[in-house]
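Summary of the model geometry
Take a look at the letters that make up each chain.
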Amino acid sequence: MDRELLIEIGVEEVPASWLPSLTTQLADVASAQLRAARLNVDGPVESWTTPRRLTVRVHRVAERQTDLEEVLNGPPVSAARGADGQFTPSAIGFARKNGVDPEALEEIDTPKGRYLAVRKRQRGKASVDALPDVMTGLLRGLAFPKSMNWDAWLDDGKGDFRFGRPVRWLLFLYGGRVVPYDIRRAESAQSPLVQDVRSGATTYGHRFLTTSGRAGRAVKVKTFDDYKARLLEHFVVLEREDRRERIARDLEVHAVRLGGRVHRAAAGQAGLLDEVPDLVEWPSVVAGVFPAEFLALPEEVLTTTMIHHQHYFPVVDDQGRLKAAFLAVTNVEVEKPELISRNSERVLTARLRDAQFFWNADRKVTLEDRIGRLDTILFHKKLGSYKAKAERVERLAEWIAREALAKPAEAASAAKAGRLAKADLGTDLVREFTELQGTMGGIYAREEGLPEAVWKAIYYHYLPVAVEPEAPPTRAQLGAGAICWAAVSIADKLDTLVGLFSAGERPTGSRDPYGLRRQAHGLFRTLVDLPDLTGLSVRPTVGALIAAVQRELPLDEVARTALTAFLAERLTYVLEQRGYDVRNVRAVLAGRPLGQISPLEARRMLEVLPEFTGTPEFQQLATAFKRVKNIASGELGPGPGAITTGPGPVSDPYSVLHEPAELALVAELTRRQPVIERVLDSGDHYRQAFAEAAAFGPFVDRFFADVFVMVEDPALRQARLHLMASLSRLILRLADISEIVPQSES
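Residues numbered from 1 in each chain as written. Predicted model: local features only at pLDDT ≥ 70, side-chain atom pairs only at ≥ 80, totals over all residues. Heavy atoms only, no water.

What follows concerns the overall build of the protein. Across its full length, the protein holds 28 helices and 20 strands. Here the C-alpha radius of gyration of the protein, 34 Å, is well above what a compact globule of 746 residues would show, namely 27 Å. Across its three principal directions, the C-alpha atoms of the protein cover 105 × 100 × 45 Å. A burial count over the protein gives 50% of its 746 residues as buried. (Helix = DSSP H or I, 4+ residues; strand = E, 2+ residues; numbered from the N terminus. Rg over C-alpha atoms; globule rule 2.2 N^0.38 Å. Buried < 20%, exposed > 50% of the residue type's maximum accessible area, 1.4 Å probe, protein only.)

Here it is in structure tokens:
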């Protein structure tokens, strides 16, 4: 009879940002451990988290492990018996090692021949005896951004037990009965108040609230339904979505009472409303106000103070203007909300008073006058100060606007914005509110009366940080500053990427302390969406941009190779995140070196490529193209000049061709090549280019059916190689379409 498994790991408060990952991990790790323990599961493995508890529930787990049967191979049969038919020492030793009589050994067939083997059968344990190993695997298997050493150890031979937060209790029930389990505490840590953590049938309610007795009192449970209901009685809402819905409902009610609604930055997707459910177990909402004088501060300062520093929800009126009011989510049952409101108001007012002081003081010094102070702020020990970076970004932004974006009229504005982009790092307000770097620079520039193009470029230059096309900034937000912003944003990210790779800083699988992945994503999102963000149709290549940076930040061969591989990987990621087929992305990016690729061109190709990949002609060409490419690359030098038929170059490389199939392919190449090259040069109408390329399919198929390339006649062989090379180079300018065909077909 299958029984319910219920596990709750009670912990000290876990940071809210950890809980979404832990919720997923709990179910995944528990499932893996149950499989490893050979315990069959009927139904899903479910998981929940609150700041003080990590919970797993499985509807039905088998009462016993499945039996284990192993076949262990021994020596070959040929070496198992001697000439007299008796077992050899190797066979006897194998039998003794596995505790069986040599006569009990079996002969089995393997890919290597016929071998002796022993078949071992192990009856499964009762689940109650196997589940402690599942718990150990679960505790060891959870990964935290940071783990604590809290003088605990598990009796599994691995010693010290580190965890995200100290474990305070374990609820461990199988079929309503406690599964014995201990987390040991080091002798040096033990005291009357610090003991081993032993599993039991009890959970604990809210830390401060309870229906009777002391706060956080123990609650005995038997089943999950009982567990969930008893927690609710003791002021713990287990379901995260229930906590979120309760908060959203109460926020709306209180905002209406204040004559407004919740600010979109806090209530929107991935906003504060998605964070606070992981901060509380019993959410309640209170309202507060602050002095109206602070509404004179920039909205960004007010919202940052409330949302990021205090986890309060700003309130706006029907026109979207901030009101002198806020909403706070608490973790207690509010009997006297005015007391909590008064304390919240006091804390917020103090923070806003500091911000007001910094705001007034910072505006007494211009951004230009703060450039010198950047010399005291280190960017990187091998790259110098932020002043040096600002000067590099100034020159690079000017070049990008003038050359890469072909807008010389914007070059001066881009240079000025690039020079001032980091100046706000020397302001008091940004030192106090680091989230506002860049943003405050743009606001201060606007207050100084600098042109819109300049202040908006500074304001948004750290963006984008996400790869989605709807991620900020938008064209509407950028306004007249779009081109200047693009130049500065690209320059800043390129300077960081090239500079840090030249300094030997490389992201790894688990570490990216300088946010280089984010920098690359922002760079490619800008280049991929350049027309949408700026209205420009230029197609700067990755190579041209990196070459411009290298004039000031040289890369050695090792760093250049590492940077190229990293950027290729990140561009692939950005395009795949847009929903483009993985094989199509690989085809478009594999056709040329990264330096020759324009991210905008890649996007435009990927938009039309799916229209052709399913057509018979394109499939014919894609299947045959791998052969074309291999012949061309295997027999030719680096360029067309490598093909000769004698002492000098051939004026008409196809004059010796005579087979109808090859002549037809030459005619198609002659007719379609100018059309494809014209499209590639224009950077538009890729649909036409792929249609022309797809038309090669039947002709290439016929060529390989009727023509043998590697003939003995050198002139004829060279002419056919030249034809393959010309076709290969032309198609590769579009995409390496052999990547589109599954490996088994190619």
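Picking up where we left off.
Only a minority of non-glycine residues have a phi that is not negative, and only a minority of peptide bonds are not trans. A cis geometry characterises the amide bond from Leu 463 onward to Pro 464, with omega recorded as 0°. Checked against the element boundaries, Pro 464 lands in the loop between helix H14 (452-460) and helix H15 (475-478). For His 311, which is not glycine, the phi dihedral falls at a positive 60°. Mapped onto the secondary structure, His 311 falls in the loop between helix H7 (299-309) and strand S17 (312-316).

Another aspect to go through is helix H10 (residues 386-404). Within H10, the full set of buried residues consists of Tyr 386, Lys 389, Ala 390, Arg 392, Val 393, Leu 396, Ala 397, Trp 399, Ile 400, Ala 401 and Ala 404. At its buried positions, H10 is contacted by strand S19 (378-380), strand S20 (384-385), helix H11 (411-420), helix H16 (482-502) and helix H19 (542-550). You can read the cap of H10 off the contacts: a side-chain oxygen lies 3.2 Å from the backbone nitrogen of Lys 387, and it is on Ser 385. Just past H10, the residue Ala 406 takes up positive phi, approximately 55°. (Contact = heavy atoms within 4.5 Å. Polar contact = N/O pair within 3.5 Å; in protein donor to acceptor, adjacent residues only side chain to side chain.)

Here the focus is the environment of Asp 101. Note on placement: Asp 101 falls in the loop between helix H2 (89-97) and strand S5 (106-110). Residues Asp 101 and Val 118, spaced 17 residues apart in sequence, show a C-alpha to C-alpha distance of 9.9 Å. A distance of 2.9 Å separates the side chain of Asp 101 from the backbone nitrogen of Glu 103, its partner in a polar contact.

Glancing now at the nonpolar core. Formed by 151 residues in total, the largest nonpolar core has its most connected members in Ile 400, Leu 567, Phe 690 and Phe 696. Sort the elements by how many residues they give to this core and H16 lands first, with 14 residues. Among residues more than four places away in sequence, those in contact with Leu 567 are Leu 497, Ala 520, Phe 524, Val 542, Ile 546 and Leu 594. In this structure, Leu 19, Leu 26, Ala 37 and Val 45 belong to the second largest nonpolar core, which totals 41 residues. (Core = buried A, V, L, I, M, F, W, Y, C linked by side-chain atoms within 4.5 Å.)

All right, on to the layout of surface pockets then. Put simply, the largest pocket is a space of about 1,300 Å³. Forming the boundary of the largest pocket are 31 residues, of which Ala 265, Thr 303, His 308, Tyr 459 and Pro 472 lie nearest the centre. Put simply, the parts of the chain that give the lining of the largest pocket at least two residues each are helix H6 (264-267), H7 and H14. Broken down by element, the residue count for the lining of the largest pocket peaks at six residues, all from H7. A per-class count over the lining of the largest pocket returns 13 nonpolar, 13 polar and five charged. Two domains each put at least three residues into the lining of the largest pocket: domain 3 (240-361) and domain 4 (368-604). When its volume is computed, the second largest pocket comes out at roughly 320 Å³. Contributing to the lining of the second largest pocket are 16 residues, with Tyr 462, Thr 496, Tyr 514, Arg 518 and Gln 519 lying nearest its centre. Among the secondary structure elements, those contributing two or more residues to the lining of the second largest pocket are H10, H16 and helix H17 (516-528). Broken down by element, the residue count for the lining of the second largest pocket peaks at four residues, all from H16. (1 Å grid on protein atoms, 1.4 Å probe; cavity = no way out; pocket = protein on both sides within 12 Å on 5 of 7 lines; lining within 4 Å. Points joined across faces, edges and corners; volume = space filled by probe spheres on them. Nonpolar A, V, L, I, M, F, W, Y, C, P; charged D, E, K, R; others polar. Domains from an automatic or database assignment.)

For the rest of this paragraph, the subject is the environment of Gly 43. Locating Gly 43 in the fold gives a position in strand S2 (residues 41-50). You can call Gly 43 partly exposed: its relative accessible area is 37%. Spatially, the C-alpha atom of Gly 43 lies 6.6 Å from that of Arg 60, the residues being 17 residues apart in sequence.

Think of a sheet as strands paired side by side through backbone hydrogen bonds, with each pair either parallel or antiparallel. Taken together, four strands build an open sheet; the order of strands is S15-S17-S18-S16 and the sheet is antiparallel. Edge strands, defined here as strands with exactly one partner in the open sheet, are strand S15 (261-262) and strand S16 (284-289). In terms of strand pairing, S17 meets strand S18 (residues 322-330) through four bridges, oriented antiparallel. Paired with Phe 313 across the two strands is Leu 327, which belongs to S18. Packing against the sheet, helix H8 (residues 337-362) makes contact with S16, S17 and S18, and its axis sits at approximately 55° to S16. (Pairing = 2+ DSSP bridges. Axes fitted to C-alpha atoms, helices over the stretch in contact; angles between N-to-C directions.)

Moving on: the pairing of strand S3 (residues 53-61). A regular strand carries its side chains on alternate faces of the sheet. A large share of S3 lies buried, amounting to seven of its nine residues. Of the strand pairs in this sheet, strand S1 (residues 3-11) and S3 are connected by seven bridges, and their pairing is antiparallel. For Ile 9, the partnering residue across the bridge sits in S3 and is Leu 54. Sheet topology note: the S2/S3 ladder contains eight bridges and is antiparallel. Note that in S3 the partner of Thr 49 across the bridge is Leu 54. The hairpin formed by S2 and S3 contains two residues between the paired strands.

Below, the discussion takes up the domain arrangement of the protein. What the domain assignment reports for the protein is domain 1 (3-64 + 126-233), domain 2 (69-121), domain 3 (240-361), domain 4 (368-604) and domain 5 (612-740). Once you take the C-alpha centre of each, domain 2 and domain 4 turn out to be 67 Å apart.

Bringing the pairing of S18 into the picture now. Burial analysis of S18 places eight of its nine residues in the buried class, the great majority of the element. One ladder, built from six bridges, connects S16 with S18; its direction is antiparallel. If you follow Ser 284 over to S18, its bridge partner there is Thr 330.

Taking 1.5 Å per residue, 19 residues should reach 27 Å; helix H28 (residues 714-732) reaches 26 Å between its end C-alpha atoms and fits that length. Buried residues dominate H28, accounting for 15 of its 19 residues. For H28, the capping residue at the N-terminal end is Asp 713, with a side-chain oxygen 3.1 Å from the backbone nitrogen of Ala 715. (Expected span 1.5 Å × (residues − 1).)

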